[in-house]
Number of protein chains: 4
Amino acid sequence: MVLSRNFTSDNVTPASPAIMAALAAANQDRVPSYGGDAHTARLQTVVAEIFETEVTVFPVATGTAANALALAQLAPPYGGVYCYESAHIVTDECGAPEFFTGGAKMLGLPASDGKIAPAALAAAIETALDMGVHHVKPAALSLTQATEWGTVYSAGEIGALAAVAHAHGLPVHMDGARFANALAQLGCSPAAATWQNGVDVLSLGATKNGALCAEAVVFFGAASRAADFQHRRKQGGHLWSKMRFLSAQLLAYFENDLWLANARQANATAAALAQGLRAVPDAQILQSVDANEVFVALPEAVVVHLEREGFGFYRWPVPAPVAGVAIRLVTSYATTSADVAAFVAAAALSSG
Amino acid sequence: MVLSRNFTSDNVTPASPAIMAALAAANQDRVPSYGGDAHTARLQTVVAEIFETEVTVFPVATGTAANALALAQLAPPYGGVYCYESAHIVTDECGAPEFFTGGAKMLGLPASDGKIAPAALAAAIETALDMGVHHVKPAALSLTQATEWGTVYSAGEIGALAAVAHAHGLPVHMDGARFANALAQLGCSPAAATWQNGVDVLSLGATKNGALCAEAVVFFGAASRAADFQHRRKQGGHLWSKMRFLSAQLLAYFENDLWLANARQANATAAALAQGLRAVPDAQILQSVDANEVFVALPEAVVVHLEREGFGFYRWPVPAPVAGVAIRLVTSYATTSADVAAFVAAAALSSG
Amino acid sequence: MVLSRNFTSDNVTPASPAIMAALAAANQDRVPSYGGDAHTARLQTVVAEIFETEVTVFPVATGTAANALALAQLAPPYGGVYCYESAHIVTDECGAPEFFTGGAKMLGLPASDGKIAPAALAAAIETALDMGVHHVKPAALSLTQATEWGTVYSAGEIGALAAVAHAHGLPVHMDGARFANALAQLGCSPAAATWQNGVDVLSLGATKNGALCAEAVVFFGAASRAADFQHRRKQGGHLWSKMRFLSAQLLAYFENDLWLANARQANATAAALAQGLRAVPDAQILQSVDANEVFVALPEAVVVHLEREGFGFYRWPVPAPVAGVAIRLVTSYATTSADVAAFVAAAALSSG
Amino acid sequence: MVLSRNFTSDNVTPASPAIMAALAAANQDRVPSYGGDAHTARLQTVVAEIFETEVTVFPVATGTAANALALAQLAPPYGGVYCYESAHIVTDECGAPEFFTGGAKMLGLPASDGKIAPAALAAAIETALDMGVHHVKPAALSLTQATEWGTVYSAGEIGALAAVAHAHGLPVHMDGARFANALAQLGCSPAAATWQNGVDVLSLGATKNGALCAEAVVFFGAASRAADFQHRRKQGGHLWSKMRFLSAQLLAYFENDLWLANARQANATAAALAQGLRAVPDAQILQSVDANEVFVALPEAVVVHLEREGFGFYRWPVPAPVAGVAIRLVTSYATTSADVAAFVAAAALSSG
């Protein structure tokens, strides 16, 4: 497909130039392995400053690793993790959370727009507690931010969910594969988007937003929460010997607010895409476009035309029936206004 | 420490320039994620050519991941993996093989120089079979090449061990974290060093020998041996979305025989180091220096002097008593003749 | 509570006298441990005769063990097991299947009466296959017979589901915690109820139907299907040293058709209970009463009255709204007509 | 073989009459399942009285389950459990501890008579700590009492080992498959044999010493140590629905000191056996006969004669070379003086 027409995912992108430059700059000298290097040390400081609190940061190479390792820190093998029923950890990680926890269950809650409701969470926990030893033990809450439907929890929504979880002794994990996109939308501080509203552990993604391969598990607060996590990461095969090359990516990601600049570009092009598609006859935008994903129903003929024109995207199953065909469009830091315009034009043309 | 004085490990090195260049070259365009890219496709072809047989290749980022995933493919939770009792998979991977297999046991066999003896292997398997259901089921053999003692199995030695394993239905895994070093020493073809002598699966390391973060699990023969391995890798969090960046490293590693050139430099400097140290009074080289590691016993005063001079290395526990202190010295593709000369001179001086 | 008023479950019962007698009879002499005894050998023969085919039988002490071990034989850690979304393996085994498989997912399908529909199964498998490596790999189908709603799959229904599973290469497991109750209802041969209609492995329960603690995992067909299952059972801590005491229970269970006699009594009293309750004003029987469970909605006041009178049962969450309160009543081989009459009378009285 | 000639193991025995009687007595009425019954409640009290402290007791059916579940409570997947290198948990449980812990390593220490030395334990822990994240994290100490060599740790020896473990923050597990035999030999209180000398969790065996199928995991001290253990047991498939039948066995085991009476008979017949064999020419008793096992080296011809005469025992591999053939003889509560006399006579005769 013509490259600028690829809206399949934000992980088809190359890495940002600043991140490639940081890799090259880190490629000097012999340095201590396994995280004993200066880049990794500095990363702790930088992340603490960004989040305005004590943190313990563990770089890893994939989002699945970040999520699964974080959940293994929170949930025992006989535990249950509450999440959206179509969360990435449920449907797209090939059972990684179950594997890393040694058997814990992902307990999916329904949600029309990817956002769990506090009442549904509370009810589910109480049902589980009633069932006693026969049911897995409620162990954690995991929220995806931005959600799998491209929506974004407000800080208040996060706080309300975390309050329910904490009231039952459950820690809160955030799958932030697209955390920067959410943050750019919220406009609040990273602290307000996380620990100030009850998030205990964050899987902070960078790969989809400009890195080559870099995510970080960030524990907020006392280091004891992260106790033994380094053993867990090592046992999972996720401790790099040449750790500097992970840490350097993340340092560059935060430097000069690259992460926010990249996210804003992705969000803005998604918004423009939605805006353009709203003018296409019979198009229906299916969710609030809060981040960098657009779910839109289009007439079958339009979708076929777009596919023939070489635009890349997925036909997407949606819970409620729609007129036409639902598709998912993902923008990224690399998406341009011209890319958007071309797509909208093709949709409009074929619809006419 | 002065960088050129760092003999602690071959993983303290930067990446080879050719590998960094390959990363930069791969950083173009939007391409399919999760291994659907052209680099990953080409890697299959290149590795098949190098090994002169059908292969299925899975790039991953760490050696621990390569070993643990490969062993999980071979051994069930109730299985036993025969290996050297101080193998990396036993002592240095924080239980990753047990974790990924879901409980299999690493059954360590003694060996004076890191090389298991066929008779010891046969005896251990037969004892296990006698114990029936109470003992883990013999499931696989894992050999490290080059070994943890810097020695190298000859092709014949590998064949003899593999014959014992195969006679009992056990597949053979090779932990080739330093496979290039071994191959450079053997001088035989990659095929002869592996599948032609019974190796079924190879963890092929590149990180210690010039890559940034790249290893590959290579299955020899029919693709059925690798059945479902892609699910296993994904569930372990080891499937990169931007896979091209792993594959590009490995392509550059093989291109122009970079892997062998790098390995030869490491081996040659290790040989020179051993040669130089043999002239130091009371120095005793403890093993055959076949690859890029030198184990040497030196008088305590010499070791202390070297440490004070800023040379980096580990004091190393050795099975048999030695006069003085045993240390491990590791060379790499980045080690120069001058580095070696400086070390030997410092040792000789302090010994005088 | 008065004992005859206990309708909470069929596992609150004592053991049948014939089973206790068998235990006493087996308590003679020193015999080989771990299943090398004559009772265990004879059990293989007896079960093969009952099912009219080659079988491999593994006695264990709990139904959770039987199910979890059987599923571990069928599904890899990265596998998915299709089942009813409120199946016992999903909601009542504290994650045992996930634990024993090392991470497999129970993929729950909706069903109004506990019986999965072939079309829903086929659609789910195909969706999973479309998602490739990101989704767990379809690995097995598990049916509960009798179901969690006290309904019974007909032989034809089993065959139709098994056909879908087999068409995709998935083996079929049957959770037969109440298999005898189902068989008594079906009136067909044990063979027709299982392998002749595609069941590959059966968890055959005896504990709820008269045993003290005995279930059996039964593999139909070539012994290779059960390969290594004895290691799996041992590793799970489920291999008894004094195995004769498990096998003797199962032998007594089958002797003189005790299992069917017990199941018929349980089924008949459930039918009588349903029949009696249908005459109670505002009572609504919620499911087809095929085995030994009755789900009934009663006016709140009636339920409270029954509770106060010391009748034991659970208020039960049901998917669709009902008038009044839904409760579950379970009968057993120990339930008498008088027990039923007393319950119905109390319900009728309070309703008047 | 003639039954009285079976010295293969103490698990070939039937159950004590008092235990069978207790089962029959418990077989009354419908009672709450899953441990909500009166027998299970009373067991907590009885065990607390016997051990003179607060306890939390979990009955299970096998010793492998008791050990593996107890260790899973103490050691994380990335943990190491120190034990004797030929401990039952290492060699005879088919990897159950690795499976239930999710990957922990059993770290075997050498010992000439089955008893670990405190200095060896301390050295091993310190080596592990030096290796940091690459090595599994020291997590627990497990002692077998009586040991696999039929020897018994004194209370002081236990205290010394526990002190080393506790000094490094490691809890202490005791595999008491033959705890009654050890206790009978020690002559001290159950408290002194366990928690007063640092044991935190005990796998207390009854099956080998008169029960049908009953073991108990006993946590000493605050109930928090046993937190969630009931979920762990359930997930392992080890929670019986008809729990009364496990608890009743254990109650009968403790009543009237049946456990000690049985153990004394086993120990006394072992002592008599050793005493008798010492008079046989060329016989060599290989270990201190502290409990109910005799390891003896006999001339090959004698061993062959005994085998031909129908005596049951295992030829046993022993670490140091012996003259003749080493065999293991196990006595039990069911062994009589006549059984012993017959064996000794046959050995003496053939040796003449």
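Residues numbered from 1 in each chain as written. Chains lettered and ligands numbered in written order. Predicted model: local features only at pLDDT ≥ 70, side-chain atom pairs only at ≥ 80, totals over all residues. Heavy atoms only, no water.

(A) Inspection of the overall build of chain A at higher detail. When you go through chain A residue by residue, the secondary structure sums to 13 helices and 11 strands. A compact globule built from 352 residues would reach a C-alpha radius of gyration of about 20 Å, and chain A, at 20 Å, matches this within 12%. With the C-alpha coordinates aligned to their principal axes, the bounding extent of chain A is approximately 60 × 60 × 35 Å. Here chain A holds 352 residues, and 64% of them are scored as buried. At a minimum sequence separation of 6, the contacts of chain A that also span at least 24 residues come to 76%. Just so you have it, chain A exposes about 11000 Å², and 55% of that area is on carbon and sulfur atoms. (Helix = DSSP H or I, 4+ residues; strand = E, 2+ residues; numbered from the N terminus. Rg over C-alpha atoms; globule rule 2.2 N^0.38 Å. Buried < 20%, exposed > 50% of the residue type's maximum accessible area, 1.4 Å probe, protein only. Contact = heavy atoms within 4.5 Å. Areas by Shrake-Rupley, 256 points an atom, 1.4 Å probe, with all protein chains shown as cover.)

(B) Structural context of the interface of chain A and chain B. Contact residues are listed per partner, giving 49 residues for chain A and 49 residues for chain B. Of the roughly 4200 Å² buried where chain A meets chain B, counting both sides, 57% is carbon and sulfur surface. At the boundary of chain A and chain B, one finds two salt bridges. Residues Asp339 of chain B and Arg30 of chain A are paired through a salt bridge, measuring 3.2 Å at the closest nitrogen-oxygen approach. There are 35 residue pairs in polar contact (both at pLDDT 80 or more) connecting chain A and chain B. Put simply, the parts of the chain that give the side of chain A that touches chain B at least two residues each are helix 1 (17-26), helix 3 (63-74), helix 5 (96-101), helix 9 (229-235) and helix 10 (244-254) of chain A. (Buried area = accessible area lost by both parts, 1.4 Å probe. Salt bridge = Lys/Arg side-chain N within 4 Å of Asp/Glu carboxyl O. Polar contact = N/O pair within 3.5 Å; in protein donor to acceptor, adjacent residues only side chain to side chain.)

(C) Expanded view of the sheet that holds strand 10 (residues 314-315) of chain C. All names here are of chain C. Pairing is antiparallel in the open sheet, where four strands are placed in the order 8-9-11-10. Edge positions in the sheet fall to strand 8 (284-285) and strand 10, since each of these pairs with one other strand and no more. Pairing analysis gives six bridges linking strand 9 (residues 293-298) to strand 11 (residues 325-330), with the strands arranged antiparallel. Bridged to Val294 within strand 11 is Leu329. (Pairing = 2+ DSSP bridges.)

(D) Spotlight on the confidence of the model for chain A. Predicted confidence across chain A gives a mean pLDDT of 96, with 99% of residues reaching 70 or more. Interface predicted TM-score (ipTM) for the complex: 0.96; the corresponding pTM is 0.97. (pLDDT = per-residue confidence, 0-100.)

(E) Layout of the relation of the copies chain D and chain A. Of the transformation superimposing chain D on chain A, the axial component is 0.0 Å and the angular component is 180°, with the fit at an RMSD of 0.0 Å. As the rotation angle and translation indicate, the two copies are arranged about a two-fold axis. The C-alpha atom lying nearest the rotation axis in chain D is that of Gly102 of chain D; the distance is 3.0 Å. (Least-squares fit on C-alpha atoms with pLDDT ≥ 70 in both.)

(F) Geometry of the relation of the copies chain A and chain B. Mapping chain A onto chain B calls for a rotation angle of 180° and an axial translation of 0.0 Å; the resulting RMSD is 0.0 Å. When the interface residues of chain A are mapped onto chain B, 100% of them again fall at the interface, so both copies present the same face.

(G) Representation of the nonpolar core in the model. In this structure, Tyr82, Trp240, Phe254 and Trp259 of chain A together with Tyr82, Trp240 and Phe254 of chain B are the most contacted members of the largest nonpolar core, which totals 202 residues. Those residues in contact with Phe254 of chain B, other than ones at most four positions away along the chain, are Leu43, Val46, Val47, Ile50, Leu204 and Trp259 of chain B. In this structure, Tyr84 and Ile89 of chain C together with Ala214 and Leu250 of chain D belong to the second largest nonpolar core, which totals 199 residues. (Core = buried A, V, L, I, M, F, W, Y, C linked by side-chain atoms within 4.5 Å.)

(H) Summary view of helix 1 (residues 17-26) of chain B. Among all positions in helix 1 of chain B, only Ile19, Met20, Ala22, Leu23 and Ala26 of chain B are buried. Viewed along the axis of helix 1 of chain B, the buried residues span an arc of 155°, placing them on a single side of the element. For helix 1 of chain B, the exposed residues lying more than 90 degrees away from the buried face are Pro17 and Ala25 of chain B. The elements touched by buried residues of helix 1 of chain B are helix 1 of chain A together with helix 2 (38-51), helix 10 (244-254) and helix 11 (258-278) of chain B. (Arc of directions from axis to C-beta.)

(I) Focus on the sheet that holds strand 8 (residues 284-285) of chain A. Residues and elements named next belong to chain A. Spatially, 8-9-11-10 is the arrangement adopted by the four strands of the open sheet, whose pairing is antiparallel. Each edge of the open sheet is held by one strand with a lone partner, namely strand 8 and strand 10 (314-315). Relative to strand 11 (residues 325-330), strand 10 runs antiparallel, the two being bridged by two bridges. Of the residues in strand 11, the one forming a bridge with Tyr314 is Arg328.

(J) Inspection of the packing of aromatic side chains at higher detail. Inspection of every chain in the model, using the stated rule, returns 74 aromatic pairs over all chains. Residues Phe311 of chain D and Phe343 of chain D carry aromatic rings whose centres are separated by 5.0 Å and whose planes lie at 80° to one another, so their mutual orientation is edge-to-face. Note that Phe311 of chain D is positioned in the loop between helix 12 (300-308) and strand 10 (314-315) and Phe343 of chain D in helix 13 (residues 337-351), a separation of 32 residues in sequence. With respect to burial, Phe311 of chain D and Phe343 of chain D carry one shared label: buried. Linked through ring pairs, Phe51, Phe179, Phe220, Tyr253, Phe254 and Trp259 of chain A together constitute an aromatic cluster. (Phe/Tyr/Trp six-rings, centres within 6.5 Å; stacked < 30°, edge-to-face > 60°.)

(K) Structural view of the packing of helix 1 of chain B against helix 10 of chain B. Residue and element names in this part refer to chain B. Where helix 1 meets helix 10, the axes come as close as 8 Å, and the angle between the chain directions of the two elements is 140°. Taken together, helix 1 and helix 10 sit at an angle that is classed as oblique. In the crossing of helix 1 with helix 10, the sense of the turn from one axis to the other is right-handed. Listed contacts from helix 10 to Ala18, Ile19, Ala22, Leu23 and Ala26 of helix 1 are Arg244, Phe245, Ala248, Gln249, Ala252 and Tyr253. (Axes fitted to C-alpha atoms, helices over the stretch in contact; angles between N-to-C directions. Parallel < 35°, antiparallel > 145°, perpendicular 65-115°, else oblique. Left-handed = near helix turned anticlockwise from the far one by under 90°.)

(L) Up close: the environment of Glu157 of chain C. Residue and element names in this part refer to chain C. Within the secondary structure, Glu157 is located in helix 7 (residues 155-167). A relative accessible area of 33% places Glu157 in the partly exposed class. Distance from Glu157 to Ala117, taken between C-alpha atoms, is 8.6 Å for residues 40 residues apart in sequence. Within the local environment of Glu157, its side chain forms a polar contact with the side chain of Lys115, the two groups lying 3.0 Å apart.

(M) The arrangement of the pattern of salt bridges in detail. Applying the stated criterion across every chain yields a total of 44 salt bridges over all chains. Between Glu98 of chain B and Lys105 of chain D there is a salt bridge, with the nearest N and O atoms lying 2.3 Å from each other. One end of the pair, Glu98 of chain B, is in helix 5 (residues 96-101); the other, Lys105 of chain D, is in strand 3 (residues 105-109), on a second chain. The pair Glu98 of chain B / Lys105 of chain D is uniform in exposure class, with both members buried.

(N) Structural view of the pairing of strand 1 (residues 55-60) of chain C. Residue and element names in this part refer to chain C. Of all six residues in strand 1, six are buried, a share of seventy percent or more. Of the two faces of strand 1, the one carrying Val55, Val57 and Pro59 and the one carrying Thr56, Phe58 and Val60 are both buried. The pairing of strand 1 with strand 7 (residues 215-220) spans six bridges and is classified as antiparallel. Note that in strand 7 the partner of Val60 across the bridge is Glu215.

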